[in-house]
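Coordinate analysis (summary)
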Amino acid sequence: MSSTIVKICGLSSPETLLAAIGAGADMAGFVFFEKSPRHIDLETARTLGRLADGRISKVALAVNADDAALQDIIDALAPDYLQLHGHEPPARVAKVKARFGLPVIKAAGVATSGDVEAARAYEDIADVILFDAKPAPNAAVPGGAGVAFDWSLLRGVAAKHWMLSGGLTPENVAEAIRLTGARAVDVSSGVERERGVKDAAKISAFVKAARLS
Ligand SMILES: O=C(O)c1ccccc1NCC(=O)[C@H](O)[C@H](O)COP(=O)(O)O
């Protein structure tokens, strides 16, 4: 049985990045979105990027970013993946992939079965579809809210490569994997002691729980 891929998102300090690496997480997510409590600037990205190099895959998360902003992020972090977490339509995802030559994770907000169906528009374009809770239309920060959606909506999901996200915790991740059949999971709030502040013990507990399932 292959082990579940685990992404810890919203890492912003050397200590918590090392905790994710030490816990055996596969992917480290770095948020480039100024309204987020997990936002990192380019200088911090340079430092964390060097620390992560060769030890964990680096994911640069951006929201409706233009090419110039993405280039700055890539120059600083040297990510292995780009995660597009805004309203980027399929054509924009295809352009980003072609321009930067990096695999793209596209977030798809889910509240209804229609949202899962709509995400199929990205299936042959994005490398991974990340199913996350759909943010409120007026949300200032469109992710990392610690909110789960109805996991049963993903039963029989047709996407080839996908990841489960939204409100996962060390306590519920095994059940979420069991119900959905997810082979990759992503967490942010569920491994924090307060909003935006990661907790090494929770990161370790999350990776263990995901891998035990
Ligand atoms: O984490 C953020 O602050 C963030 C800001 C803007 C866009 C997306 C953001 N996070 C996206 C993620 O990949 C989170 O891990 C995902 O939404 C799950 O978050 P949570 O429910 O808190 O585990």
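Residues numbered from 1 in each chain as written. Predicted model: local features only at pLDDT ≥ 70, side-chain atom pairs only at ≥ 80, totals over all residues.

Side note on the overall build of the protein
A count of helices and strands for the protein gives seven helices and 10 strands. The C-alpha atoms of the protein give a radius of gyration of 16 Å, which matches the 17 Å a tight globule of 213 residues would have. By its C-alpha atoms, the protein is 40 × 40 × 35 Å across when sized along the principal axes. When burial is assessed residue by residue, the protein has 45% of its 213 residues classed as buried. Considering only intrachain contacts with a sequence separation of at least 6, the fraction spanning at least 24 residues in the protein is 55%. (Helix = DSSP H or I, 4+ residues; strand = E, 2+ residues; numbered from the N terminus. Rg over C-alpha atoms; globule rule 2.2 N^0.38 Å. Buried ≥ 20, exposed ≤ 12 C-beta atoms within 10 Å, placed from the backbone. Contact = placed C-beta atoms within 7 Å.)

Considerations on the site of the ligand
In the neighbourhood of the ligand, 27 residues make up the surrounding shell, with Cys-9, Ser-36, Gly-143, Gly-144 and Ser-189 lying closest. Counting residues per element, the ones that place at least two in the shell around the ligand are strand 2 (27-32) and strand 8 (184-187). A per-class count over the shell around the ligand returns 11 nonpolar, 13 polar and three charged. (Near = placed C-beta within 6 Å. Nonpolar A, V, L, I, M, F, W, Y, C, P; charged D, E, K, R; others polar.)

Structural notes on the pairing of strand 1 (residues 5-8)
Relative to strand 8, strand 1 is paired through four bridges, and the arrangement is parallel. Residue Ile-8 lies in a different strand from strand 8, and its bridge partner there is Val-187. The pairing of strand 1 with strand 2 spans two bridges and is parallel. Bridged to Lys-7 within strand 2 is Met-27. Crossover strand 1 to strand 2 through helix 1 (residues 14-23) is right-handed. (Pairing = 2+ DSSP bridges. Right-handed = clockwise from strand over helix to strand, strands pointing away.)

Let's talk about the confidence of the model for the protein
For the protein, per-residue confidence averages 96 on the pLDDT scale, and 98% of positions sit at 70 or higher. Predicted complex metrics record ipTM = 0.98 and pTM = 0.97. (pLDDT = per-residue confidence, 0-100.)

Considering unusual backbone geometry
If a residue is not glycine, its phi is most likely negative; likewise, a peptide bond is most likely trans. A positive phi angle, near 50°, is found at Asn-64, a position not held by glycine. A positive phi angle, close to 50°, is found at Ala-78, a residue other than glycine. Residue placement: Ala-78 occurs in the loop between helix 3 (67-77) and strand 4 (81-84).

Brief notes about the environment of Gly-29
Tracing the backbone through its elements, the reader meets Gly-29 in strand 2. Residues Gly-29 and Pro-79, 50 residues apart in the sequence, show an inter-C-alpha distance of 9.4 Å. When residues no more than four places from it in sequence are discounted, the contact partners of Gly-29 are Lys-7, Ile-8, Cys-9, Gly-10, Leu-11, Val-59, Leu-61 and Gln-83.

Observations concerning helix 2 (residues 42-52)
Along helix 2, the residues that are buried comprise Ala-45, Leu-48, Gly-49 and Ala-52. Buried residues of helix 2, viewed axially, fall in a sector of 105°; they line one side. In this structure, helix 2 carries Glu-43 and Arg-50 as exposed residues pointing more than 90 degrees from its buried face. Positive backbone phi, at 75°, marks Gly-54, one or two positions downstream of helix 2. (Arc of directions from axis to C-beta.)

Quick word on the packing of helix 1 against helix 7 (residues 200-212)
Geometry of a packed helix pair, given as the angle between the helix axes and the separation of the axes. Close contact between helix 1 and helix 7 brings their axes to 9 Å; oriented N to C, the two are set at 25°. Here helix 7 runs roughly parallel to helix 1, going by the angle between their axes. Between helix 1 and helix 7 the crossing geometry is right-handed. Here Thr-16, Ala-19, Ala-20 and Ala-23 of helix 1 lie close against helix 7, whose contacting residues are Ala-200, Ile-203, Ser-204 and Val-207. (Axes fitted to C-alpha atoms, helices over the stretch in contact; angles between N-to-C directions. Parallel < 35°, antiparallel > 145°, perpendicular 65-115°, else oblique. Left-handed = near helix turned anticlockwise from the far one by under 90°.)

Some points on the pairing of strand 3 (residues 57-62)
Burial runs high along strand 3: five of the six residues are buried. Note that strand 2 and strand 3 share six bridges and pair parallel. Following the sheet pairing, Gly-29 is matched in strand 3 by Val-59. As paired elements, strand 3 and strand 4 share four bridges and run parallel to each other. Along strand 4, the bridge assignment pairs Ala-60 with Leu-82. Assessed by its sense of winding, the connection that carries the chain from strand 3 through helix 3 to strand 4 is right-handed.

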